[in-house]
Amino acid sequence: MSLRLPMALLGLGWLVCAQPVCGFDREQVLEQMRQSRPADLQVLIERPAPVGTMSIGIYGVKPTPSNPDTRSYQLWEESASDLNVYFESVNCSTAKPVRVKRTQLVVYVRTLNPGGPITDVNREDHLVWWAACVPEVAGTDPATLRQKALDLGFSTLIPEQQEQFPALAR
């Protein structure tokens, strides 16, 4: 299971090889990254980074055949210095809404409370969960979705928690 696709695998590595003596133009690389974005990418977060901007988006959302409440998707993390694509999933059920976030080293299983309090710590999780589970509100500030959560049958009282496991694949 590949958890991260480096820039070279996404067809961007040719820029480095095309100009080995002169180096490469950072702006060219950034433009190539923007142009390589998937057509269905929904940008959820754009924030300043030490150099340039950090963008996080979701694409390729699809139901999992074994469980109609589960959605799989790819998470796109783009910065001026790197591009990472992670394969993740969410459970959209009212009983146990969960985001499974993967990095190279760790798998996080986060139980969420749709419609509950939003903080800097859980904002990304909620943005991703809403985009995958309720696509019509993708990109909406999750702090404003309490009534939508209640309308969908969520109690808005689920205790949020996180479990952490070592990633087995690199």
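Use the structure listed above.
Residues numbered from 1 in each chain as written. Predicted model: local features only at pLDDT ≥ 70, side-chain atom pairs only at ≥ 80, totals over all residues. Heavy atoms only, no water.

Asker: It is not clear to me how the overall build of the chain should be interpreted in this structure. Could you clarify?
Answerer: Each helix and strand counted, the chain has 4 helices and 7 strands in total. Its helices and strands taken in sequence order, the chain reads α-α-β-β-β-β-β-β-α-α-β from the N to the C terminus. Split into buried and exposed, the 170 residues of the chain put 44% on the buried side. Restricting the contact set of the chain to residue pairs at least 6 apart, pairs at least 24 apart contribute 47%. By element, 55% of the accessible surface of the chain is carried by carbon and sulfur atoms, the whole surface being about 9400 Å². (Helix = DSSP H or I, 4+ residues; strand = E, 2+ residues; numbered from the N terminus. Buried < 20%, exposed > 50% of the residue type's maximum accessible area, 1.4 Å probe, protein only. Contact = heavy atoms within 4.5 Å. Areas by Shrake-Rupley, 256 points an atom, 1.4 Å probe, with all protein chains shown as cover.)

Asker: How do you make sense of the packing of aromatic side chains when you look at a structure like this?
Answerer: Two numbers describe a pair of aromatic rings. These are the distance of the centres and the angle of the planes. Taken as a whole, this structure holds 3 aromatic pairs when the rule is applied. Ring centres of Trp129 and Trp130 lie 5.1 Å apart, and the angle between their planes is 90°; on these two criteria the pair is classed as edge-to-face. Trp130 sits in the buried class, given a relative accessible area of 1%. Taken together, a centroid distance of 5.3 Å and an interplanar angle of 85° make the contact between Trp129 and Phe154 edge-to-face. Linking Trp129 in helix H3 (residues 123-133) with Phe154 in the loop between helix H4 (146-151) and strand S7 (161-166), this pair joins segments that are 25 residues apart in sequence. The pair formed by Trp129 and Phe154 is uniform in burial state, with each residue classed as buried. (Phe/Tyr/Trp six-rings, centres within 6.5 Å; stacked < 30°, edge-to-face > 60°.)

Asker: Looking at this structure, how should I read the pattern of salt bridges?
Answerer: It is possible for side chains of opposite charge to pair when their charged atoms get near one another. Using the criterion set out here, one finds 9 salt bridges in the structure. With a closest N to O distance of 2.9 Å, Arg110 and Asp125 form a salt bridge. Within this pair, whereas Arg110 is found in strand S6 (residues 106-111), its partner Asp125 is found in helix H3, the two being separated by 15 residues in sequence. When sorted by exposure, Arg110 lands in the same class as Asp125, which is buried. When salt bridges with common partners are traced through the structure, they connect Glu77, Glu88, Arg99, Lys101, Arg110, Glu124 and Asp125 into a single cluster. (Salt bridge = Lys/Arg side-chain N within 4 Å of Asp/Glu carboxyl O.)

Asker: What should I look at first to understand the side chain of Lys101 in this one?
Answerer: By the element assignment, Lys101 lies in strand S5 (residues 98-102). Exposure remark for Lys101: the relative accessible area of 10% places this residue in the buried category. At 3.3 Å, the side chain of Lys101 forms a polar contact with the side chain of Glu124. Every residue in contact with Lys101, bar those within four places of it in the chain, is listed here: Leu75, Glu77, Glu88, Val106, Val107, Tyr108, Arg110 and Glu124. (Polar contact = N/O pair within 3.5 Å; in protein donor to acceptor, adjacent residues only side chain to side chain.)

Asker: Explain the environment of Thr140 to me, please; I cannot follow it from the model alone.
Answerer: Looking at the secondary structure, you find Thr140 in the loop between H3 and H4. With 96 residues separating them along the chain, Thr140 and Leu44 place their C-alpha atoms 8.4 Å apart. Discounting residues that sit within four places of it in the chain, Thr140 has contacts with Leu127 and Leu145.

Asker: What am I meant to see in the nonpolar core here?
Answerer: Generally speaking, a soluble globular protein has its nonpolar side chains buried in company with each other. One finds Leu44, Ile58, Tyr73, Val90, Trp129 and Trp130 to be the most contacted residues of the largest nonpolar core, which totals 23 residues. Mapped onto this core, the elements with two or more residues apiece are strand S1 (42-48), strand S2 (53-64), strand S3 (67-78), strand S4 (83-91) and H3. With 7 residues, H3 is the single largest residue contributor to this core. Contact partners of Leu44, with chain neighbours within four places excluded, come to Ile56, Gly57, Ile58, Leu127, Val128, Ala131 and Gly139. Membership of the second largest hydrophobic core comes to 6 residues, among which are Met33, Leu41, Trp76 and Val85. (Core = buried A, V, L, I, M, F, W, Y, C linked by side-chain atoms within 4.5 Å.)

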